[in-house]
Amino acid sequence: GTLLEVALLESRGLAVDPDVVLLVLFIGNDVADNASPPQVVRDGYLVSSGGDAAVGWWERVVRLVNLHSQLYHLAEPWLDRLRGRGAAAQAALRAGFGELYDPTSTAPGWAATEGAVQRFATVTRQARVRAAIVLVPERLQVSPPLWQAALAETGLAAAAVQPMAPNERLRTLA
């Protein structure tokens, strides 16, 4: 996530004496990732550092299939419904969508992301390095039909969320 990227800039990036540093933020997952515990590489996979130390054989199989099977991705929503995860997944989707696109959201991921962006600005300013932040939009932000479908799927009112809210929020920090 963004927090790890800024820490890497501080610990190693400035040592190479860069002329310009880019911080790339993907609206689709960086805000949510910044709310999660830091990640580490375990058994070749990026996992939460707050998780179990050992990964069971079933999790390894699921990860392998997830990485290499298009059929798995097609069947995953259906399998979730069979396992009774449909309602929980819907609630999580609604909450995540609202937290990301609600301009007044106080979700933990936003606080962490804003802190990381401000730290990035401070670090580059103190090092006298030119810096830029690149915002990579999520598909929902650039496709009105996808945005409307997401509104319908989550049941959120169009007045409560705005597709450009993440961009506007991050723009005020830069």
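To start, this report covers the structure provided alongside it. These numbers were taken from a predicted model, which means no experiment stands behind them.

Before going further, it helps to spend a moment on the overall build of the protein. In terms of helices and strands, the protein carries nine helices and four strands. Reading the secondary structure of the protein in the N-to-C direction produces α-β-α-β-β-α-α-α-α-β-α-α-α. Out of the 174 residues in the protein, the part that is buried amounts to 29%. If you take every contact in the protein between residues at least 6 apart in sequence, the share linking residues at least 24 apart comes to 67%. Split by element, the accessible area of the protein, about 11,100 Å² in all, is 59% carbon and sulfur.

Look at any regular strand and the pattern is simple: side chains alternate between the two faces of the sheet. Only one face of strand S1 (residues 20–26) is buried: it carries Val 21, Leu 23 and Leu 25, and the other face, with Val 20, Leu 22, Val 24 and Phe 26, is open. Relative to strand S4 (residues 130–136), S1 is paired through seven bridges, and the arrangement is parallel. Paired with Leu 25 across the bridge in S4 is Leu 135.

Another aspect to go through is the packing of aromatic side chains. Geometry of an aromatic ring pair is reported as the spacing of the ring centres plus the angle between the planes. Scanning the entire structure with this criterion turns up three aromatic pairs. Ring geometry for Phe 97 versus Trp 147: centroids 5.1 Å apart, planes at 40°, classification tilted. Taken as a pair, Phe 97 in helix H5 (residues 86–101) and Trp 147 in helix H8 (residues 144–154) lie far apart in primary sequence, 50 residues in all. Of the two residues examined, Phe 97 and Trp 147, each falls in the buried class. Considering the side-chain rings of Tyr 101 and Trp 147, the 5.0 Å spacing of their centres and the 85° angle between planes classify their relative orientation as edge-to-face.

Together, Val 20, Leu 22, Val 24, Phe 26, Val 134 and Val 136 make up an exposed nonpolar region whose accessible area comes to about 440 Å². Listing elements by their share of the nonpolar patch, those giving two or more residues are S1 and S4. Among the elements that take part in the nonpolar patch, S1 stands out by supplying four residues, more than any other. If you trace the backbone, Phe 26 turns up in strand S1. The exposure class assigned to Phe 26 is partly exposed, which follows from its relative accessible area of 31%.

Moving on, we get to the nonpolar core. Phe 97, Tyr 101, Trp 147, Val 161 and Leu 170 are the most contacted members of the largest nonpolar core, which has 25 residues in total. Those elements that provide at least two residues to this core are helix H1 (2–11), S1, H5, helix H6 (108–126) and H8. Examining the composition of this core, we find that five residues originate from one element, H6, more than from any other. Every residue in contact with Tyr 101, bar those within four places of it in the chain, is listed here: Ile 27, Glu 138, Leu 140, Gln 141, Trp 147, Ala 160, Val 161, Gln 162, Pro 163, Ala 165 and Pro 166.

A separate point is the side chain of Ser 105. Mapped onto the secondary structure, Ser 105 falls in the loop between H5 and H6. With relative accessibility at 9%, the residue Ser 105 sits in the buried group. A distance of 3.1 Å separates a polar atom in the side chain of Ser 105 from the backbone oxygen of Glu 99. In this structure the side chain of Ser 105 is engaged in a polar contact, spanning 3.2 Å, whose partner is the backbone nitrogen of Ala 107. Beyond its immediate chain neighbours, meaning those up to four positions away, Ser 105 contacts Gly 98, Glu 99, Trp 110 and Arg 169.

Turning our eyes to something else, we now look at H1. For H1, the set of buried residues is Thr 2, Val 6 and Leu 9. One side of H1 holds all its buried residues, which, seen down the axis, span an arc of 55°. Opposite its buried face, H1 presents the exposed residues Leu 4 and Ser 11, each directed more than 90 degrees away.

What counts and how
Residues numbered from 1 in each chain as written. Predicted model: local features only at pLDDT ≥ 70, side-chain atom pairs only at ≥ 80, totals over all residues. Heavy atoms only, no water. Helix = DSSP H or I, 4+ residues; strand = E, 2+ residues; numbered from the N terminus. Buried < 20%, exposed > 50% of the residue type's maximum accessible area, 1.4 Å probe, protein only. Contact = heavy atoms within 4.5 Å. Areas by Shrake-Rupley, 256 points an atom, 1.4 Å probe, with all protein chains shown as cover. Pairing = 2+ DSSP bridges. Phe/Tyr/Trp six-rings, centres within 6.5 Å; stacked < 30°, edge-to-face > 60°. Patch = residues over 30% accessible without salt bridge, like charges linked within 9 Å, V, L, I, M, F, W, Y side chains within 5 Å. Salt bridge = Lys/Arg side-chain N within 4 Å of Asp/Glu carboxyl O. Core = buried A, V, L, I, M, F, W, Y, C linked by side-chain atoms within 4.5 Å. Polar contact = N/O pair within 3.5 Å; in protein donor to acceptor, adjacent residues only side chain to side chain. Arc of directions from axis to C-beta.

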